[in-house]
Amino acid sequence: MKISFPSAIGSKEFSSQGVQRIGLIGAGLFITLLIVLLLAFKPLIARQAELRIYDLMLSGRITPPVSNLPVLVGIDDESLDAYGQWPWSRRRMAALIERLFEGGASVVALDFLMPEADRTSFDVALFEQLQDKMLSEKRASSPRTAFQSVVGIDDNSRRLVDAMGRGQTVLGFYLDFEGLAPFRSKAPPKSPQGMVMIGGNTVKSVFPKPAGIVRSIEPLTGAASVEGFTNAVHDCDGVLRRVPLLLPYEDDVLYPSLAMASLLLMSKNRSLSMHHEAAETTLVWENRRIPLDVSGNFLLDFRDEKKTFARYSARSVLEGRLAPDALQGKIVLVGAWARGLGDYHIVPSGKSAIGLSIHATIIDNILSGRFIARPGWAAGAELFAVLFLGVASSWLLSRPGYLFSLVTAAAGSVCCFWGARELLVYKGLYISPLLPMLTPVAVMMFLGLFKYGIEAHKVRRRNRDLIEAQDTVILSMSVLTATRDKETGGHILRTRRYVEMLARQITDLPAYAELNENAIDLLTKSAPLHDIGKVGIPDSILNKPGKLTAEEYEIMKQHTVIGAEALSQTISASAHPENNEFLHYAQDMIKSHHEKWDGSGYPCGLKGEDIPIAGRLMALADVYDALTCQRVYKPPFSHEKAMAIIREDAGRGFDPDVVSAFVAMNGEFARIAREFSDEASETTNGQEKEIPPGDACTA
């Protein structure tokens, strides 16, 4: 036998699935466009996340230094223990520099500033004592006069000038971009002799402009071969990843950093050229093309900390304890790294690095020709990756299956990270994988929520359909009862409303706390089935116009047992009896709605609280309706008389609490009795009249 289904149903389901998939793809594309906006206007948190991922990828590129040219000499804890506090006298610094040149150093770079006269010098100390005495005697409040503005150069500084003149030296200076430096110099710094800059017009669009400069005193800057700035650039998370190699001061003239100036002194080629094309800036020196970022900064390729640059204590140098060739032909970077003195920076590894090692890393990076660059096409590649992954993820994730969605998103994110890491580690090209990685994950999460919403809507719709089908079955069964008992149709509608009102009224009492909204709803739905057992009563008894005999009455009383047994079999036959809660309520109501509070009812003679709450509620509703409606054996009683009868029977036939609830709601009972009278039921063909929400529950 061939079974066929209506084609309209299949086409409707297919159309619904198609619309849903189009909606899912549209939602995925919307998320993709939002990520594109993030790509164009990155918030701080996105920039910080990109930098963290960059650090993670960079850890796979760490290698030992390629060049042994830079050597670090520092004022460390050992040197301070031997020679006292920092800063040292310039006479001692002169001795240190002389030792370095005697050891064969090609270039000595001093990574500190000396913008004032040396107060440890005897002539400076004598000058300040005389000045203090004069100001004290005159009790003047005029500002003090700097030594160098009166005398010129102190003895210790003169000694340092002589030492610096013995070889090639680089003296540090600081460019002030915030206008906060207390000392200013009007004269520009000293450039390497013969330095030529080609393409200098690029500085106007690439490099930041400083507000001022802090230099050492003039005799020292005059003695230095060249000056180099010591500025570093920290990213928004406080980590040092990039440094400027060139910065402008006055008239957009470019000056080299301390490390770059040291390299230029070592080389005969001091010609530099700057190229700025599309989104790439390149500094060309000798045969090296040094990539710079959009702000003119150089991305540092950090070296292995366990196999780092040679370091020597200043004390070891002063006491001549170095190997004869330790400094031969080297660039010696001099600074302080004692605890509390050092110029420390947080680097991508998460550890601290001294300023001297940063300068050494710059030198080693440039000499090795192994650079990290962000190519001009990086932004386009990131945009393409976001769009491609967004479209692909939207299409793939619109298909059913959560596991498939999860695997797809994870695979897309892993591939983005792996590809970006491979480019950085082996090619030195930095492409940010953050937003491409985020795209499939964000699309998966959003579409997952979207799918959940769709499925939740389907479940709600199925539940609504199930409830409607349930109500229809209940109504059909009650209508079946009405076809046997001509007096039952309106009775079913009224008693349903009465039960609902009583249930809501007694919920305020502690003994009836279990009557929540769901329980009340189930009681209300169950009410129409309370007389379903009458279908098993013979018509001769059920529709007898006169009074029933004792034997006939016993048969009539069986309708409670017949109805309860029918529902019991229905519940037992169900695959999940525990889920048919409303049938359990209905079974209790059918079997016990003729029980009496004093135990004189039927069929079981239950007493007091042993009677289920469903039966107690229906007992009163059933009697009130029987009293106020016309029967073949009696005329209808007035509402007042019916209420008096029920109140008198409280504690004998009815639960006193239920009677109290009835009295409190008696006006509503009267209204329902009028609106759902048998005459009204006939005019509506057995259909329930619409009652405004809450009317049946208002006291």
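Note that the structure is predicted; figures quoted are calculated from it, not measured. (Residues numbered from 1 in each chain as written. Predicted model: local features only at pLDDT ≥ 70, side-chain atom pairs only at ≥ 80, totals over all residues. Heavy atoms only, no water.)

### Looking at the packing of aromatic side chains
A full pass over the atoms with the stated rule returns 13 aromatic pairs. Look at Tyr498 and Tyr624: their rings are 5.3 Å apart centre to centre, the planes differ by 85°, and that puts the pair in the edge-to-face class. Residue Tyr498 is found in helix 16 (residues 489-506), and its partner Tyr624 is found in helix 22 (residues 613-628); the two are separated by 126 residues along the sequence. Exposure class is identical for Tyr498 and Tyr624. Each is buried. Among the aromatic residues, ring-to-ring pairing joins Tyr83, Trp86, Trp88 and Phe112 into one connected group. Here the basic side chain of Lys641 rests over the ring of Phe637, its NZ or CZ set 4.2 Å away from the ring centre. (Phe/Tyr/Trp six-rings, centres within 6.5 Å; stacked < 30°, edge-to-face > 60°. Helix = DSSP H or I, 4+ residues; strand = E, 2+ residues; numbered from the N terminus. Buried < 20%, exposed > 50% of the residue type's maximum accessible area, 1.4 Å probe, protein only. Lys NZ or Arg CZ within 6 Å of the ring centre and 35° of its normal.)

### Some details on the packing of helix 19 (residues 550-557) against helix 20 (residues 559-573)
Running from N to C, helix 19 and helix 20 point in directions that differ by 20°, and their axes come no closer than 4 Å. Regarding the angle of helix 19 to helix 20, the classification is roughly parallel. Taking contact as the criterion, the partners of Ile555, Met556 and Lys557 in helix 19 are, on helix 20, His559, Thr560 and Val561. Class assignment for the residues of the contact of helix 19 with helix 20 results in three nonpolar, two polar and one charged. (Axes fitted to C-alpha atoms, helices over the stretch in contact; angles between N-to-C directions. Parallel < 35°, antiparallel > 145°, perpendicular 65-115°, else oblique. Contact = heavy atoms within 4.5 Å. Nonpolar A, V, L, I, M, F, W, Y, C, P; charged D, E, K, R; others polar.)

### Some points on a positive patch on the surface
A cluster of basic side chains, namely Arg460, Arg461, Arg462 and Arg464, defines a positive patch on the protein surface. Positionally, Arg462 belongs in helix 15 (residues 434-484). Note on Arg462: relative accessible area 48%, which makes it partly exposed. (Patch = residues over 30% accessible without salt bridge, like charges linked within 9 Å, V, L, I, M, F, W, Y side chains within 5 Å. Areas by Shrake-Rupley, 256 points an atom, 1.4 Å probe, with all protein chains shown as cover. Salt bridge = Lys/Arg side-chain N within 4 Å of Asp/Glu carboxyl O. Lys, Arg positive; Asp, Glu negative; His and termini not counted. Charge placed at Lys NZ, Arg CZ, Asp CG, Glu CD.)

### Let's talk about the sheet that holds strand 8 (residues 240-244)
Spatially, the three strands line up as an open sheet ordered 7-8-14, and their pairing is antiparallel. With one partner strand each, in any of the chains shown, strand 7 (233-234) and strand 14 (297-299) form the two edges of the open sheet. One ladder, built from two bridges, connects strand 7 with strand 8; its direction is antiparallel. Paired with Val233 across the two strands is Arg242, which belongs to strand 8. (Pairing = 2+ DSSP bridges.)

### Digging into the packing of helix 10 (residues 258-266) against helix 12 (residues 355-368)
Their axes nearest at 8 Å, the elements helix 10 and helix 12 cross at an angle of 50°. Between helix 10 and helix 12, the angle falls in the class oblique. Helix 10 and helix 12 meet at a crossing whose hand is right-handed. Here helix 10 contributes Leu258, Ala259, Met260 and Leu263 to the contact with helix 12, which in turn contributes His359, Ile362, Ile363, Ile366 and Leu367. Among the residues forming the contact of helix 10 with helix 12, the class breakdown is eight nonpolar, one polar and no charged. (Left-handed = near helix turned anticlockwise from the far one by under 90°.)

### Looking at the environment of Gln168
Tracing the backbone shows Gln168 in strand 3 (residues 168-176). Along the backbone, Gln168 and Ala224 are 56 residues apart, and their C-alpha atoms lie at a distance of 7.3 Å. A distance of 3.4 Å separates a polar atom in the side chain of Gln168 from the backbone oxygen of Ser106. (Polar contact = N/O pair within 3.5 Å; in protein donor to acceptor, adjacent residues only side chain to side chain.)

### Concerning the confidence of the model for the chain
The predicted model of the chain averages 84 in pLDDT, with 85% of residues at 70 or higher. By mean pLDDT, the top-scoring element of the chain is strand 2 (residues 107-110) (96), and the lowest-scoring one is helix 6 (residues 147-150) (51). The low-confidence segment residues 680-699 (pLDDT under 50) makes 38 contacts with residues lying over four places distant or belonging to another chain. (pLDDT = per-residue confidence, 0-100.)

### Some details on helix 13 (residues 378-397)
The terminal C-alpha atoms of helix 13 lie 27 Å apart, and with 20 residues this matches the ideal 28 Å at 1.5 Å per residue to within 8%. For helix 13, every residue scored as buried is listed here: Ala378, Glu382, Ala385, Val386, Leu389, Gly390, Ser393, Ser394 and Leu397. Buried residues of helix 13, viewed axially, fall in a sector of 145°; they line one side. Along helix 13, the residues that are exposed and aim more than 90 degrees away from the buried face are Phe384 and Phe388. (Expected span 1.5 Å × (residues − 1). Arc of directions from axis to C-beta.)

### Some thoughts on the pattern of salt bridges
Counted under the stated rule, the structure contains 32 salt bridges. The partner of Asp301 in a salt bridge is Arg303, and the shortest N-O contact between them spans 3.5 Å. We note that Asp301, like Arg303, is buried. Across the pair Arg421 and Glu422 runs a salt bridge, and its minimum N-O distance is 3.7 Å. On the accessibility criterion, Glu422 (25% relative accessible area) is partly exposed. Salt bridges sharing common partners tie together Asp55, Asp235, Asp237, Arg241, Arg242 and Asp293.

### A closer look at the sheet that holds strand 11 (residues 271-277)
Taking strand neighbours across the sheet as the criterion, the four strands line up as 4-11-12-13 in an open arrangement whose pairing is mixed. The sheet is open, and its two edges are formed by strand 4 (196-198) and strand 13 (288-292), each paired on a single side. Mean inter-strand twist for the sheet, computed between neighbouring axes without regard to direction, equals 20°. Sheet topology note: the strand 4/strand 11 ladder contains three bridges and is parallel. The residue bridging Met197 from the neighbouring strand is Leu272, located in strand 11.

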